[in-house]
Amino acid sequence: MRKEFFIIGTGLFILSLAAHFLFKTSLLIAISIFILLIIGIFNSLQHKHSILRNFPVLGYFRYMFEEIAPEIQQYFIERTTDGKPFSRNERSLAYQRAKNISSTTPFGTQLDINTSSYEGLKHSIFPAHVNEELPRVTIGSPDCTQPYSASLLNISAMSFGALSENAIMALNKGAKKGNFYHNTGEGGLTDYHLQGGDICWQIGTGYFGCRNEEGNFDAEKFKEKAHLSSVKMIEIKLSQGAKPGHGGVLPAAKNTEEIARIRGVKPHTTILSPPCHTAFNDPKGLVQFIGHLRELSNGKPVGFKLCIGQTVEFEAICQEMIDQNCFADFITVDGAEGGTGAAPLEFSDGVGMPLEPALIFVNKTLIRLNIRDKIRIICSGKIISGHAILKAIALGADLCNSARGFMFSLGCIQALRCNTNNCPVGVATQDKMLIKGLSVTDKFERVYHFHKNTLYAANELLAAAGKTSYEDVDVSIFMRGDEFTHLSDLYFPDNLSNVTKH
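Anyway, here's the lowdown on the structure attached to this text. (Residues numbered from 1 in each chain as written. Predicted model: local features only at pLDDT ≥ 70, side-chain atom pairs only at ≥ 80, totals over all residues. Heavy atoms only, no water.)

Topic: the overall build of the protein
Alright, step 1. Secondary structure assignment for the protein yields 17 helices and 14 strands.
Alright, step 2. C-alpha atoms of the protein, sized along the principal axes, occupy 95 × 80 × 45 Å.
Alright, step 3. Per-residue burial over the protein gives 48% buried out of 502 residues.
Alright, step 4. Excluding contacts between residues fewer than 6 apart, the proportion of contacts in the protein whose partners are at least 24 apart in sequence is 69%.
Alright, step 5. By element, 58% of the accessible surface of the protein is carried by carbon and sulfur atoms, the whole surface being about 24,900 Å².
Alright, step 6. Side-chain charges of the protein comprise 49 positive and 49 negative groups, with the mean position of each set lying 7 Å from the other. (Helix = DSSP H or I, 4+ residues; strand = E, 2+ residues; numbered from the N terminus. Buried < 20%, exposed > 50% of the residue type's maximum accessible area, 1.4 Å probe, protein only. Contact = heavy atoms within 4.5 Å. Areas by Shrake-Rupley, 256 points an atom, 1.4 Å probe, with all protein chains shown as cover. Lys, Arg positive; Asp, Glu negative; His and termini not counted. Charge placed at Lys NZ, Arg CZ, Asp CG, Glu CD.)

Notes on a nonpolar patch on the surface
Alright, step 1. A cluster of nonpolar side chains, contributed by Leu27, Leu28, Ile31, Phe34, Ile35, Leu36, Ile38, Ile39, Ile41, Leu45 and Tyr60, occupies part of the molecular surface with about 980 Å² of accessible area.
Alright, step 2. A total of nine residues in the nonpolar patch trace back to one element, the largest contributor, which is helix 2 (residues 28–45).
Alright, step 3. Relative to the assigned elements, Tyr60 resides in helix 4 (residues 59–77). (Patch = residues over 30% accessible without salt bridge, like charges linked within 9 Å, V, L, I, M, F, W, Y side chains within 5 Å. Salt bridge = Lys/Arg side-chain N within 4 Å of Asp/Glu carboxyl O.)

Considerations on the state of the cysteines
Alright, step 1. Per the stated rule, a full pass over the model turns up zero disulfides.
Alright, step 2. In this model Cys276 remains outside any disulfide bridge; the closest cysteine sulfur is found in Cys210, 16 Å from its own.
Alright, step 3. Residue Cys400 stays outside any disulfide, its sulfur separated by 4.7 Å from that of Cys379, the closest cysteine. (Disulfide = S-S within 2.5 Å.)

So, the packing of helix 10 (residues 311–324) against helix 12 (residues 355–368)
Think of two packed helices as two axes; the pair is described by the angle between the axes and how far apart they sit.
Alright, step 1. It is at 11 Å that the axes of helix 10 and helix 12 come closest, and there the two elements cross at 40°. Crossing geometry of helix 10 relative to helix 12 is assigned as right-handed. Contact residues: helix 10 offers Thr311, Phe314, Glu315 and Cys318, while helix 12 offers Phe361, Val362, Thr365, Leu366 and Arg368. (Axes fitted to C-alpha atoms, helices over the stretch in contact; angles between N-to-C directions. Left-handed = near helix turned anticlockwise from the far one by under 90°.)

Examining the nonpolar core
Alright, step 1. Counting 109 residues, the largest nonpolar core has Trp201, Phe222 and Phe314 as the members making the most contacts within it.
Alright, step 2. In terms of residue count, helix 16 (residues 440–464) provides more of this core than any other element does, seven residues in total. (Core = buried A, V, L, I, M, F, W, Y, C linked by side-chain atoms within 4.5 Å.)

Observations concerning the packing of helix 5 (residues 88–98) against helix 16
Alright, step 1. Look at helix 5 against helix 16: their axes get within 7 Å of each other, and the N-to-C directions meet at 110°. Considering their axes alone, helix 5 and helix 16 lie roughly perpendicular with respect to each other. On helix 16, the residues that touch Ala94, Arg97 and Ala98 of helix 5 are Glu445, Arg446, His449, Phe450, Asn453, Thr454 and Ala457.
Alright, step 2. Each residue belonging to the contact of helix 5 with helix 16 can be placed in one class, and the counts come to four nonpolar, three polar and three charged. (Parallel < 35°, antiparallel > 145°, perpendicular 65-115°, else oblique. Nonpolar A, V, L, I, M, F, W, Y, C, P; charged D, E, K, R; others polar.)

A word on the pattern of salt bridges
Alright, step 1. Enumeration according to the criterion identifies 13 salt bridges in this entry.
Alright, step 2. Where salt bridges share partners, they join Glu119, Glu356, Lys391 and Arg480 into one cluster.

Describing the packing of aromatic side chains
Alright, step 1. With the rule as written, the count across this model stands at eleven aromatic pairs.
Alright, step 2. Where Trp201 meets Phe222, the ring centres are 5.2 Å apart and the plane angle is 15°; that geometry is what we call stacked. Residue Trp201 is found in strand 6 (residues 198–203), and its partner Phe222 is found in helix 7 (residues 219–226); the two are separated by 21 residues along the sequence.
Alright, step 3. Among the residues examined, Phe222 registers a relative accessible area of 0% and is labelled buried.
Alright, step 4. Among the aromatic residues, ring-to-ring pairing joins Trp201, Tyr207, Phe217, Phe222, Phe280 and Phe289 into one connected group.
Alright, step 5. The ring of Tyr448 has Lys177 sitting right over it, with the charged end atom 4.7 Å from the ring centre.
Alright, step 6. Between Lys374 and the ring centre of Phe327, over which it is positioned, the NZ or CZ distance is 5.3 Å. (Phe/Tyr/Trp six-rings, centres within 6.5 Å; stacked < 30°, edge-to-face > 60°. Lys NZ or Arg CZ within 6 Å of the ring centre and 35° of its normal.)

Here we look at helix 6 (residues 165–178)
Alright, step 1. When the terminal C-alpha atoms of helix 6 are compared, their 20 Å separation across 14 residues agrees well with the 20 Å that a helix rising 1.5 Å per residue should span.
Alright, step 2. Most of helix 6 is tucked away: eleven of the 14 residues are buried.
Alright, step 3. Looking at helix 6, one finds that the buried residues are Glu165, Asn166, Ala167, Ile168, Met169, Ala170, Leu171, Asn172, Gly174, Ala175 and Gly178. (Expected span 1.5 Å × (residues − 1).)

A short note on the side chain of Asn453
Alright, step 1. Inspection of the secondary structure assignment puts Asn453 in helix 16.
Alright, step 2. Looking at Asn453, its side chain comes within polar contact range of the main-chain oxygen of Arg97, at 2.9 Å.
Alright, step 3. Those residues in contact with Asn453, other than ones at most four positions away along the chain, are Arg97 and Asn100. (Polar contact = N/O pair within 3.5 Å; in protein donor to acceptor, adjacent residues only side chain to side chain.)

Notes on the pairing of strand 13 (residues 399–402)
Alright, step 1. Of the two faces of strand 13, the one holding Leu399 and Asn401 and the one holding Cys400 and Ser402 are both buried throughout.
Alright, step 2. Strand direction decides the pairing type here: strand 4 (residues 153–155) and strand 13, joined by three bridges, are parallel. Bridged to Leu153 within strand 13 is Cys400.
Alright, step 3. Here strand 12 (residues 376–380) pairs with strand 13 via three bridges, running parallel. Within strand 13, the position partnered with Cys379 by the bridge is Cys400.
Alright, step 4. With helix 13 (residues 386–394) bridging strand 12 and its parallel neighbour strand 13, the resulting β-α-β unit is right-handed. (Pairing = 2+ DSSP bridges. Right-handed = clockwise from strand over helix to strand, strands pointing away.)

See the structure below:
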């Protein structure tokens, strides 16, 4: 192709030049062809890109189509039930509830529900009255002197740095209006988080916001911020679903001078949080650290977040809490399918336990050790609807956190560019021009409405199941398609094989 390009290009250049002198045609055509020839010569001599070396100009189309491939997939190819990690229907549901408009759908389900993967709610013939009041859960073990009444749905951990300042402010203002909490993420507690909303301050392995010059935990810096009235809970991050065992990642493009100053790191460099803590390195140290943070924070709830990996390690933590008689106020369980920012593909796709079995395991373990009543379980992973909330509660959670659901409420379009600093809607970027596109005054209202409408939908489902309290929810109110092993069971869930015919 390279040879043909130069032969045809040179011929067209000579012809266009001759046409200009003989027929007084525009010289612009000849100039344009000449520029393309120069570009072609350059590309044919470079050694970095094989496509451009062999196809000196046409090769650019490959990169152009690759750049817009996600948009082509999303807008022209995928069906409303397709799309990963969230389908178009799921995204539309979040947008509609955030805008406080009708989220009803016409003409019945678009899902194939006659499959083993179907999951449905067993409704009651005698449904309960729908509770207008949004549910709350008190968090605080016997050692906690400042228990916190949390909403059933809250904002999951997303750091300033991963998200823009406008996104953080909108989230916190929405949390203030809706009376729910906002997890800071491991990037630290900043002024953008202090817009009046309740805060769960996450302490990661980098100890951002409470670290000394060596990068280790600084008790005095922690104590100063932990005493702020907005800080209601402290969460120790052990691992997260997107990259368990790896540590957080902040791409260099997002590490601005301001973020570097807040975190105490060098600007414009990729920040890799250590995979493990330096304040402790075993279950005993973790439990002691929990007690230490509770003391420093003057008795506020302290818990930890993790993605389950080796189950024996979690069991060892539980046993250590029993031995020391020092219990976490809450445990946040993240699923391996979680994640909002940057993560190596191998970790995203192949490390950690998915949310459902993780929730079941954590809940069963706490029950088996007779400490379930002391610890709240928070579910964090793909919570975007009332159905997802009810399912998490059924599997063992007491309350839920959502990250991507609230990102959708801010206007996220699932462009899948969170790690590039090129988020087109100003949510996951530090580009000042893109950030200006996100209006805090408009988006915080959407955050508020998404929270309120999603919880009300959960209340409606609860009532449809004939229940009046979330404490009555368990897996018995759900059905799965793989339970229907006979054709008759597809239509009559009860076993009819023993019914006597008369």
